[in-house]
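Fold and contact review
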Amino acid sequence: MKKGTWYLIVLLTGALLLVSISVVSAEPASSGPIDCLLDITYDDHDENGEPYWLGTVEGPDCSVAGTIEFYAVREEYFTAGKTMHFVETFVIRPVDGGELYGKNYGVWNMKSFKFRANGWVLDATQEWEHMIGYKYHESGTTTDPADAPPIDAPGGWAKLVPANRQNAP
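This one's a predicted model, so the numbers in the text were calculated from it and none came from an experiment.

So, about the pattern of salt bridges. In total, this model carries 4 salt bridges according to the counting rule given. Across the pair Glu 76 and Lys 103 runs a salt bridge, and its minimum N-O distance is 3.3 Å. In this pair, Glu 76 is assigned in the loop between strand 3 (66-72) and strand 4 (78-80) and Lys 103 in strand 6 (residues 100-109), connecting sequence segments 27 residues apart. Classification of Glu 76 by relative accessible area gives partly exposed; the value is 32%. Across the pair Arg 93 and Glu 99 runs a salt bridge, and its minimum N-O distance is 2.6 Å. Judged by its relative accessible area of 30%, Arg 93 is partly exposed. Classification of Glu 99 as buried rests on a relative accessible area of 19%.

The following block contains the structure:
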């Protein structure tokens, strides 16, 4: 093979390498799972007087650390025995600014007070757009609602996981 052909192959390979490096470096920093501690309380009301869960997501690996709010989608709730099936919309407001919006579907055991839910990040402000389609998971235990209000769920867990699904429900 001619010397000029080898030179061209090496030059093109180098150019492709540079382009692929710049594409990889443009990936968002939080391309893996995000683990957060979840601490929420059911004792606040929105502007319409509707109660909602309000709390924090935080922790050393929680890049979306900030506040979190859950609003009941009551028409989708139902109870089967000692298990309440719930649907909520949520808003995460990271301390770094912006917002993430989602919806989750969960169960709460009215005897053990344990809950878990799964959902999706459905929308976000510009700085968090890369997380649209992330899976959302949560679990924890609430205080007994028969005790004096508020109902607390301290020491829970929330996780956001990248997903290939772009059009989550």
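Moving on, there is more to tell.
Estimates place the volume of the largest pocket at around 340 Å³. Along the walls of the largest pocket sit 19 residues, with Trp 53, Tyr 77, Met 84, Glu 88 and Trp 108 positioned nearest its centre. Across the lining of the largest pocket, the residue classes break down as 15 nonpolar, 1 polar and 3 charged.

Assignment of secondary structure puts Glu 88 in strand 5 (residues 83-94). Judged by relative accessible area, which is 5%, Glu 88 ranks as buried. Put simply, Glu 88 and Asn 104 are 16 residues apart on the chain and 5.5 Å apart in space, counted from C-alpha to C-alpha. With residues up to four places along the chain from it excluded, the contact list for Glu 88 reads Trp 53, Phe 70, Tyr 71, Ala 72, Val 73, Tyr 77, Gly 102, Lys 103, Asn 104 and Glu 138.

Moving on: the packing of aromatic side chains. Under the defined criterion, the tally for this structure stands at 6 aromatic pairs. Ring plane angle 50° and centroid distance 6.4 Å describe the contact between Tyr 77 and Phe 86, whose orientation is recorded as tilted. The class of Tyr 77 is partly exposed, set by a relative accessible area of 24%. Through a chain of ring-to-ring contacts, three or more aromatic side chains come together here, namely Phe 70, Phe 90 and Tyr 136. Looking at Arg 74, its charged tip hangs above the ring of Tyr 77, at a distance of 6.0 Å from the centre.

Once that is clear, we can look at the confidence of the model for the chain. Of all residues in the chain, 78% attain a pLDDT of 70 or more, and the chain-wide mean is 83. Note that residues 8-12 has pLDDT below 50 and, in this model, 1 contact with residues that lie over four places away or in other chains. Confidence over residues 14-30 falls short of pLDDT 50; this stretch has 5 contacts with residues more than four positions distant or in other chains.

Quick notes on the rules
Residues numbered from 1 in each chain as written. Predicted model: local features only at pLDDT ≥ 70, side-chain atom pairs only at ≥ 80, totals over all residues. Heavy atoms only, no water. Salt bridge = Lys/Arg side-chain N within 4 Å of Asp/Glu carboxyl O. Helix = DSSP H or I, 4+ residues; strand = E, 2+ residues; numbered from the N terminus. Buried < 20%, exposed > 50% of the residue type's maximum accessible area, 1.4 Å probe, protein only. 1 Å grid on protein atoms, 1.4 Å probe; cavity = no way out; pocket = protein on both sides within 12 Å on 5 of 7 lines; lining within 4 Å. Points joined across faces, edges and corners; volume = space filled by probe spheres on them. Nonpolar A, V, L, I, M, F, W, Y, C, P; charged D, E, K, R; others polar. Contact = heavy atoms within 4.5 Å. Phe/Tyr/Trp six-rings, centres within 6.5 Å; stacked < 30°, edge-to-face > 60°. Lys NZ or Arg CZ within 6 Å of the ring centre and 35° of its normal. pLDDT = per-residue confidence, 0-100.

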